[in-house]
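Listed below are the residues making up each chain.
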Amino acid sequence: MTQTHDGAVRRRQGATAGVPVDEPAQPDRIRRPSDAIRFAASVVGLAAVMLLVSIAQQTTHGLQTDIAEGTAHAPRLLLTLATLVSSFGVLAVPVAFGIERLFNKDGTRVAIALLAAVIAFGITVGLDDLVVRAAPGGVLDSLIWGGTETAPVHTDIAPVIAFVSAVGMAGRARWQAATWTMIGLAALTGLTASYASVAALAATYALGRAIGHGTLYAVGTPNPRPSGMTVVASLERLGLRPKRGARLDDPADDTGEARRYGVVLASCPADGYGARLPAGRGPHGDWDLEVRVLDRDQQTAGLLYRVWRLLRLRAATTGRTLRSLRRSLELESLMAYAVDAAGVRTPRLVGTCEVGTEAALLAYEHVPGRRLGDVSDEEITDALLTDVWRQLRSLQAGRLAHRRLEGDAVLVGEDGLAYVTDLRSGETAAGDLALRLDLAQLLTTLALRAGPERAVRTAAPVLGEEALGGAVPLLQRVALSRATRTRLRHHRDLLTRIREQIVRLKPETEAAPARLERFRPRTIFSIVALSVAAYIVIPQVTSLDIGHLAATASWHWVVAALAAASLTYVAAALMLIGFVPERLPFWRTVLAQVAASFVKLVAPAAVGGVAVNTRYLQRSGVRPALAVASVGASQLVGLVTHVLLLVLFGFLTGSTAKATQDLAPSRTIVIAVLALGLLAGLALTVPRVRRVVTSRLRSMFSGVLPRLVDVLQSPKKLSTGMGGTLLLTLAFTLCLDASIRSFGGSLPWTTVVLVFLTANAVGSAAPTPGGLGAVEGALTLALTISGLTAETAASAVLLYRLLTLWLPVLPGWGAFTFLQRKEAL
């Protein structure tokens, strides 16, 4: 907005200076979420530049060379002129803008920007004059390509970038264009004169932006939000004459929503509004208009959450991510007109306008009433619920998605009718998925207030059973709003009860949940775990000469390792047979364990084998509940045995080390085991983690104790199960030890056992298929700490995982196919 327009707004404010606006005083400074987000983005950008110049030095150097060669052919007069203009303008333009802001009584913002510039200047001078000389080499040398004629950051323009970032030029396009043109010319001058590189300029830009926005967020920006007086004054631009106003929402509840004001009009224009907006209708609180104010600084509120939802959900179902103030105003206006045209009962939009350069308003006809969330349960009648469903039917008939059908989005008027409000996240020409999500959201909202039975019963006659059936697969927590998910924590079975009510009306409804998520949070954990493991393992593997290893490996130990790996399937079969009172064929059970090695590649290590064995037992005639209990019994005994062996061999390893005066590796391993136990104990102190672990263990081991009692009655079965459990650990340890000896390494037997037990625990806990990444990283690290060279440790781990994870895949697929054909899986 131009200065002329600001002056016009102030004159109108003066014209209505006698209009009282009941509003608490606004804070002098605010911390805007956008500043924090921009600071974080700038820091990430700076880190990216550092990473790029570290791994792609030739590329950045080639880019600099191309630019130097290109500018060498440019007219010298043009380059000289650009140098002169930028030398003067890079400081003159920001100074002129600062003076203009001072005349407009915005001195605090200018002072903060000057502080940011001073900080930027100090940091850049320190980097150029102190750090580079004190610590040559590394990333800083990469920025200047090992030379001394250029600087890692541009001292001349970094303070200017910090100043511009902090002073704020939003809505002032001409000032922005002039300032960034001068900065661009200064950067071009640095490139042509060879005292700045492309990488250095990129780092300078990111550093300046980070300092500017970081200073602004730390100190707090002067509050740019227009006061209620200015908002009321702006209504005159719509031909309205306000008489008084008041803030309707709680200023202390700053959740990123628009501010709301109630306004009483002194008189209405003679253009048709008068029939709908009778002026001055009574005491304070009985308003003619409800004004929503969109503040520019609030447009980024909740941005990170919206981006997370956008990335996580498979379809575009999360509404806006980032919009400008103008875009938000236009979209809400369009939605308001579209909803009214579709015949939905909603407050009428009277008009919209900007309020200076930092806000915009939407003036709605005020409808007296209360939000559905404020209505008592006794007042929520079936007639009201039916009316709400009628409004949704009209919305969906017009292909309009509301996206936020919560308690605050439905207004219950004094006439007892339902009005749809809060249209800021709406979508016109919506797809089927968005419409079904609206239905699922409203079903949950009403069920939270009136119960699932009444919500479904009142919806069925209005929407039809077919439409309700379409919402069943979408009744998932991930599909609902954040506020609704929070409320569902106290009503954990509500969604299930809603599904049951709909299925009773339409039994053939597909009840399987639709897949809405691109990925689950544990997928992120898997990616991080794989990345960390790759960081540890890949450098070791890439340094190996595979041909040399194949030539120098002791093949008799390789054969021994292969035999031990094969023995693990026999041990696993004995372990399962021992905990199943029913008789199982031995070799077919061994085949089932081989088949489980194929499933490991598509499921976490602790899940794949359990699923295959449970299915195998059911196909062998064991009842489902007993099959689950039998597998759970074997898993429980295996877990207890694993923990006991881990403690035992940790003690034995330390004792052996003391006897040989080689304490360092063993102490380190024991400390690592104790640290893992401590971390697990601390994690279990968190209630949510404890609930998740308890529920998983309960589901895994429910019915286990009665099954163990059955096994204890047969000493033969018990010895078979326990023998298989111990043999399984022995076989894996023999395989790992033989793999180490294949490459000339050697470790004490107790140390090898402890290393295997620790890595196996990590692999079982990791959500990656087969413990991929986690096992490799844990084994390589543990073997290196235990005294093996990095090359030997990496070679041994590579062979061990080849024999226990990758080679069995093809036989596992064959066994899986064979057992399926025989209907044993």
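What counts as what
Residues numbered from 1 in each chain as written. Predicted model: local features only at pLDDT ≥ 70, side-chain atom pairs only at ≥ 80, totals over all residues. Heavy atoms only, no water. Helix = DSSP H or I, 4+ residues; strand = E, 2+ residues; numbered from the N terminus. Buried < 20%, exposed > 50% of the residue type's maximum accessible area, 1.4 Å probe, protein only. Areas by Shrake-Rupley, 256 points an atom, 1.4 Å probe, with all protein chains shown as cover. Expected span 1.5 Å × (residues − 1). Contact = heavy atoms within 4.5 Å. Pairing = 2+ DSSP bridges. Axes fitted to C-alpha atoms, helices over the stretch in contact; angles between N-to-C directions. Parallel < 35°, antiparallel > 145°, perpendicular 65-115°, else oblique. Left-handed = near helix turned anticlockwise from the far one by under 90°. Nonpolar A, V, L, I, M, F, W, Y, C, P; charged D, E, K, R; others polar. Salt bridge = Lys/Arg side-chain N within 4 Å of Asp/Glu carboxyl O. Phe/Tyr/Trp six-rings, centres within 6.5 Å; stacked < 30°, edge-to-face > 60°. Core = buried A, V, L, I, M, F, W, Y, C linked by side-chain atoms within 4.5 Å. Patch = residues over 30% accessible without salt bridge, like charges linked within 9 Å, V, L, I, M, F, W, Y side chains within 5 Å. Lys, Arg positive; Asp, Glu negative; His and termini not counted. Charge placed at Lys NZ, Arg CZ, Asp CG, Glu CD. 1 Å grid on protein atoms, 1.4 Å probe; cavity = no way out; pocket = protein on both sides within 12 Å on 5 of 7 lines; lining within 4 Å. Points joined across faces, edges and corners; volume = space filled by probe spheres on them. pLDDT = per-residue confidence, 0-100.

(A) How the structure looks around the overall build of the protein. Counting its regular elements, the protein contains 32 helices and eleven strands. The burial tally for the protein puts 48% of its 825 residues in the buried class. Taken as a whole, the protein presents about 39400 Å² of accessible surface, with 62% of it coming from carbon and sulfur.

(B) Quick look at helix H15 (residues 452–463). Counted at 1.5 Å a residue, the expected span for H15 with its twelve residues is 16 Å, and the 16 Å between its end C-alpha atoms agrees. Within H15, burial applies to Pro 452, Ala 455, Val 456, Thr 458, Ala 459, Ala 460, Val 462 and Leu 463. For H15, the elements touching its buried residues are helix H13 (382–397), helix H14 (432–450), helix H16 (465–471) and helix H18 (494–505).

(C) A look at helix H31 (residues 790–806). With 17 residues, H31 extends 22 Å from end C-alpha to end C-alpha; this agrees with the ideal 24 Å at 1.5 Å per step. Counting buried residues along H31, twelve of its 17 residues qualify, which places the element largely inside the surrounding structure. Turning to H31, its buried residues number three or more, namely Thr 792, Ala 793, Ala 794, Ser 795, Ala 796, Val 797, Leu 799, Tyr 800, Arg 801, Leu 803, Thr 804 and Leu 805.

(D) The pairing of strand S7 (residues 349–355), seen in detail. Counting buried positions along S7 yields six of seven residues, so the element is predominantly enclosed. Bridging between S7 and strand S8 (residues 359–365) involves six bridges; their strand directions are antiparallel. From the neighbouring strand, Leu 349 faces S8, where its bridge partner is Tyr 364. Here S7 folds back onto S8 in antiparallel fashion, the turn holding three residues, of which Gly 356 has a positive phi close to 65°.

(E) Region of the structure containing unusual backbone geometry. Positive phi values are uncommon outside glycine, yet Arg 399 reaches one of about 55°. Within the secondary structure, Arg 399 is located in the loop between H13 and strand S10 (410–413).

(F) Representation of the side chain of Thr 444. Topologically, Thr 444 is positioned in helix H14. Those residues in contact with Thr 444 that lie beyond four places of it in its chain are Leu 475, Leu 480, Thr 484, Leu 488, Leu 494, Leu 495 and Ile 498.

(G) Just the sheet that holds strand S9 (residues 369–371), in detail. Strand order in the open sheet made by the three strands is S9-S10-S11, with antiparallel pairing throughout. Lying at the two open borders of the sheet, with one neighbouring strand each, are S9 and strand S11 (418–420). For this sheet, the mean angle separating the axes of adjacent strands, direction not counted, is 30°. Here H13 sits on the sheet and contacts S10 and S11; the angle it forms with S11, its principal contact strand, is near 30°.

(H) How the structure looks around the packing of helix H21 (residues 555–578) against helix H28 (residues 715–742). At a minimum axis separation of 7 Å, H21 and H28 run at an interaxial angle of 160°. In terms of orientation, H21 lies roughly antiparallel with respect to H28. Here the hand of the crossing between H21 and H28 comes out left-handed. For the contact of H21 with H28, the residue count by class is 20 nonpolar, eight polar and two charged.

(I) Summary view of the pattern of salt bridges. According to the stated counting rule, one finds 21 salt bridges in the structure shown. One salt bridge in this structure joins Arg 32 and Asp 35, with 3.1 Å as the shortest N-O distance. Neither residue differs from the other here; Arg 32 and Asp 35 are each classed as buried. As a salt-bridge pair, Glu 379 and Arg 370 come within 2.6 Å of each other at their nearest N and O atoms. Among the residues examined, Glu 379 registers a relative accessible area of 37% and is labelled partly exposed. Overlapping salt bridges bring together Glu 23, Arg 247, Asp 249, Arg 259 and Asp 295 as one network.

(J) Examining the packing of aromatic side chains more closely. Using the criterion set out here, one finds four aromatic pairs in the structure. Judged by centre distance (4.9 Å) and plane angle (75°), the ring pair of Phe 586 and Trp 587 falls under edge-to-face. Given a relative accessible area of 62%, Trp 587 falls into the exposed group.

(K) Region of the structure containing the packing of helix H30 (residues 774–785) against H31. For the pair H30 and H31, the least separation of the axes is 9 Å and the interaxial angle reads 145°. Viewed along their axes, H30 and H31 form a crossing whose handedness is right-handed. Here Val 775, Glu 776, Leu 779, Thr 780, Leu 783 and Thr 784 of H30 come into contact with H31, specifically with Ala 790, Ala 793, Val 797, Tyr 800, Arg 801 and Leu 805. Of the residues that constitute the contact of H30 with H31, the class distribution is eight nonpolar, two polar and two charged.

(L) Highlighting the side chain of Arg 499. You can see Arg 499 is positioned in helix H18. Those residues in contact with Arg 499 that sit more than four places away from it in its chain are Val 472, Leu 475 and Gln 476.

(M) The nonpolar core, seen in detail. Counting 39 residues, the largest nonpolar core has Trp 389 and Leu 468 as the members making the most contacts within it. Listed by contribution, the elements that provide at least two residues to this core are H13, S10, H14, H15, H16 and H18. For this core, the element with the highest residue contribution is H14, accounting for nine residues. By size, the runner-up hydrophobic cluster in this structure holds 37 residues, among which are Ala 564, Val 637, Val 752 and Ala 778.

(N) Geometry of a positive patch on the surface. Taken together, the side chains of Arg 477, Arg 489, Arg 492, Arg 688, Arg 690 and Arg 691 make up a positively charged region of the molecular surface. Mapping Arg 489 onto the fold places it in the loop between helix H17 (482–488) and H18.

(O) Region of the structure containing the pairing of strand S4 (residues 241–247). Burial runs high along S4: five of the seven residues are buried. Across two bridges, strand S1 (residues 21–22) lies against S4 in parallel orientation. Residue pairing in the sheet places Asp 22 in a bridge with Ala 246 of S4.

(P) Spatial organisation of empty space enclosed by the protein. Inspection of every chain in the model, using the stated rule, returns three cavities of 30 Å³ or more. In this model, the second largest cavity occupies a volume close to 50 Å³. Lining the second largest cavity we find Val 388, Gln 391, Leu 392, Leu 395, Leu 405, Val 410, Ala 418, Tyr 419, Val 420 and Leu 442. For the lining of the second largest cavity, the secondary structure elements donating two or more residues are H13 and S11. Among the elements that take part in the lining of the second largest cavity, H13 stands out by supplying four residues, more than any other.

(Q) Region of interest: the confidence of the model for the protein. Per-residue confidence for the protein gives a mean pLDDT of 77; residues scoring 70 or more make up 70%. Throughout residues 134–140 the model reports pLDDT below 50, and contacts reaching past four residues in sequence, or to other chains, amount to eight contacts.

(R) Structural view of a nonpolar patch on the surface. On the surface, Leu 115, Ile 119, Ile 123 and Val 219 cluster together into a nonpolar patch covering about 270 Å² of accessible area. Mapped onto the elements of the fold, Leu 115 is located in helix H5 (residues 107–134).

(S) Broad picture of the environment of Val 164. By secondary structure assignment, the location of Val 164 is in helix H7 (residues 158–167). Judged by its relative accessible area of 5%, Val 164 is buried. Between the alpha carbons of Val 164 and Gly 212 there is a distance of 7.6 Å; along the sequence they are 48 residues apart. Leave out the neighbours within four places in its chain, and Val 164 touches Met 169, Thr 179 and Trp 180.

(T) Spotlight on the environment of Ile 740. Note that Ile 740 resides in helix H28. Since its relative accessible area comes to 1%, Ile 740 is described here as buried. Discounting chain neighbours no more than four positions away, the residues touching Ile 740 are Gly 745, Ser 746, Leu 747, Val 752, Leu 783, Leu 788 and Ala 796.

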